[in-house]
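# Residue-level structural notes
Below are the chains, spelled out letter by letter.
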Amino acid sequence: MDESEDSLVVNSKDDSSGKDAEHIQEENEQEEEKSEKILRLPFARVRHIMKIDPDVHHASQEAVFLITKSTELFIESLAKEAYAHTAQGKRRTLQKKDLDSAIESADCLAFLEGVLDT
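Below or above, wherever it landed, is the structure these notes cover. Predicted model only: the values in this text are computed from it and were never measured.

As a further point, take the overall build of the protein chain. Per the secondary structure count, the protein chain includes four helices and zero strands. Each helix and strand of the protein chain, placed in order from N terminus to C terminus, yields the pattern α-α-α-α. Taken across its 118 residues, the protein chain has 14% of its residues classed as buried. Within the protein chain, contacts between residues at least 6 apart in sequence are counted, and of these 32% link residues at least 24 apart.

Right, dumping it as structure tokens:
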């Protein structure tokens, strides 16, 4: 083999390892997407909080899942609404006054009025 043939062999090896690396990276990304948690709040903690209520004797997994997911969506909605007030004030840090403004401006959050006054 002369030098040009050696370089072709080396280049073909590098090319195949590059494809293998890309393939492995794609597989890892797919696995990460699959393993991404459905819930962000701790399931066991929500179950424990639910059982603090004396009227709750047993909570099925499905019920705890739905309460957990609903709580996450509620927190997300409240945070987005409060951040809108933060952005209006041309700030980047969400403050208590932004939460208060969000609660006052959104009718669906009226049940929270006065909760933060402590």
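Moving on, there is more to tell.
This paragraph deals with the side chain of Asp98. The topology assignment puts Asp98 in helix 4 (residues 96–105). Of note is the side chain of Asp98, whose polar atom sits 2.6 Å from the side chain of Arg91.

On to the pattern of salt bridges, then. One pass over the full model with this rule turns up five salt bridges. When the shortest N-O distance is used, the salt bridge between Asp98 and Arg91 registers 2.6 Å. The exposure class assigned to Asp98 is buried, which follows from its relative accessible area of 2%. For Arg91, a relative accessible area of 23% puts it in the partly exposed group. One salt bridge connects Lys96 with Asp100, and the closest N-O pair in it is separated by 3.2 Å. Remark: Asp100 and Lys96 occur in helix 4; sequence separation between them is four residues, near one turn of the helix.

Another point: the packing of aromatic side chains. By the definition in use, this model includes one aromatic pair. On the numbers, 6.1 Å between centres and 40° between planes, the contact of Phe74 with Phe111 is tilted. Within this pair, whereas Phe74 is found in helix 3 (residues 61–88), its partner Phe111 is found in the segment after helix 4, the two being separated by 37 residues in sequence. We classify Phe74 as partly exposed; its relative accessible area is 32%. A residue is classified by how much of its surface remains accessible, and Phe111, at 57% relative accessible area, is exposed.

Thresholds, definitions, all that
Residues numbered from 1 in each chain as written. Predicted model: local features only at pLDDT ≥ 70, side-chain atom pairs only at ≥ 80, totals over all residues. Heavy atoms only, no water. Helix = DSSP H or I, 4+ residues; strand = E, 2+ residues; numbered from the N terminus. Buried < 20%, exposed > 50% of the residue type's maximum accessible area, 1.4 Å probe, protein only. Contact = heavy atoms within 4.5 Å. Polar contact = N/O pair within 3.5 Å; in protein donor to acceptor, adjacent residues only side chain to side chain. Salt bridge = Lys/Arg side-chain N within 4 Å of Asp/Glu carboxyl O. Phe/Tyr/Trp six-rings, centres within 6.5 Å; stacked < 30°, edge-to-face > 60°.

Nothing here speaks to function; it is geometry throughout.
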